[in-house]
Each structure stands twice: as C-alpha cells, then as structure tokens.
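Observations on the three-dimensional arrangement
Listed below, chain by chain, are the residues.
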Amino acid sequence: DVVVPGKGIKCSLCTKALKKIQALAGDNPDEAAVAAALQKGCRRLGRALGRLCQRLVNKYKAQITEGLRNEDMPRDICTALGICQS
C-alpha cells in the first residue's frame with residue numbers, strides 16, 4: 001500500500017501535496033474548488049510524485065476535502081489520515 005504510518009517520506013509528500021492543494025483551493029473553498037485543486041495539485045508535483053499524490057487523493061478524497069473545508073493545516077490532515085505521526 002502507498003501509505004505507511006510514520007514513514008517520513010510519505011509524511012513529507014502528504015504535507016507538500018496538501019499545501020499545494022490548499023493554496024490552489026483558496027480560502028473557504030467549496031466542494032468544487034477542492035475537487036479542482038486536488039486534480040491540479042498532484043499534477044504540479046511532477047510525474048513520480050504526482051502519481052503517489054493521485055493515489056493518496058483517490059484513497060482519502062473525503063477526508064482531505066473535509067480537512068481543507070475546515071481549514072485544517074496540511075500536517076494535521078496528514079496526521080489524521082495516519083500518514084504522519086502526531
């Protein structure tokens with residue numbers, strides 16, 4: 001599986017991806033803004049990271065969307081997903 005708790009590289013990828021996605025979604029995003037940002041954000045990470053990012057997004061779309069709409073910090077969202085350790 002792509003996501004292994006406590007693995008530093010996965011945590012930093014998750015955080016980096018969500019920072020990019022959060023910036024693209026803007027402040028107080030609606031469902032559509034988050035969906036568009038999820039698509040674009042992964043593409044901007046390049047091919048290899050973009051693929052990992054896309055898998056992450058596909059697997060955790062609902063939680064990521066909710067986290068972004070609640071304006072949670074990217075690191076907190078990744079921790080809630082079990083990718084980063086708190």
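All figures in this text were calculated on a predicted structure; none of them were measured in a lab. (Residues numbered from 1 in each chain as written. Predicted model: local features only at pLDDT ≥ 70, side-chain atom pairs only at ≥ 80, totals over all residues. Heavy atoms only, no water.)

Points about the side chain of T65
Take T65: it is sitting in helix α3 (residues 47-69). A polar side-chain atom of T65 sits 2.7 Å from the main-chain carbonyl oxygen of K61. With sequence-adjacent residues up to four places away left out, T65 is seen in contact with E31, V34 and L38. (Helix = DSSP H or I, 4+ residues; strand = E, 2+ residues; numbered from the N terminus. Polar contact = N/O pair within 3.5 Å; in protein donor to acceptor, adjacent residues only side chain to side chain. Contact = heavy atoms within 4.5 Å.)

Quick look at the packing of helix α1 (residues 8-25) against α3
Packing of α1 against α3 leaves a shortest axis separation of 10 Å and a crossing angle of 65 degrees. Every pair of crossing elements has a handedness; the one defined by α1 and α3 is right-handed. Taken together, the residues of α3 that come into contact with α1 (itself represented by L13, C14, A17, L18, I21 and Q22) are L49, L52, C53, L56, V57, I64 and L68. Residues that form the contact of α1 with α3 fall into these classes: 12 nonpolar, 1 polar and no charged. (Axes fitted to C-alpha atoms, helices over the stretch in contact; angles between N-to-C directions. Left-handed = near helix turned anticlockwise from the far one by under 90°. Nonpolar A, V, L, I, M, F, W, Y, C, P; charged D, E, K, R; others polar.)

Quick word on the state of the cysteines
Working definition of a disulfide: a covalent bond connecting the sulfur atoms of two cysteines. Following the criterion strictly, the structure yields 3 disulfides and no others. Covalent S-S linkage joins C42 and C53, the inter-sulfur distance amounting to 2.0 Å. With the S-S dihedral at roughly -70 degrees, the linkage between C42 and C53 falls on the left-handed side. Linking C42 in helix α2 (residues 31-43) with C53 in helix α3, this pair joins segments that are 11 residues apart in sequence. Exposure remark for C42: the relative accessible area of 2% places this residue in the buried category. Looking at the protein chain, its bonded cysteines, counted consecutively from the start of the sequence, adopt the pairing 1-6, 2-5, 3-4. (Disulfide = S-S within 2.5 Å. Buried < 20%, exposed > 50% of the residue type's maximum accessible area, 1.4 Å probe, protein only.)

A look at α2
End to end, α2 covers 19 Å across 13 residues, agreeing with the expected 18 Å (1.5 Å per residue, within 8%). Among the residues of α2, those classed as buried are V34, A37, L38, G41 and C42. What you see down the axis of α2 is that its buried residues fit within an arc of 110 degrees, all on one side. In α2, the exposed positions that point more than 90 degrees away from the buried face belong to A32 and R43. Against the buried residues of α2 lie α1 and α3. (Expected span 1.5 Å × (residues − 1). Arc of directions from axis to C-beta.)

Considering the environment of C14
Tracing the backbone shows C14 in helix α1. In this structure the C-alpha to C-alpha distance between C14 and P29, which are 15 residues apart in sequence, comes to 19 Å. In contact with C14, not counting residues within four places along its chain, are L56, C78 and I83.

Structural measurements only, silent on function.
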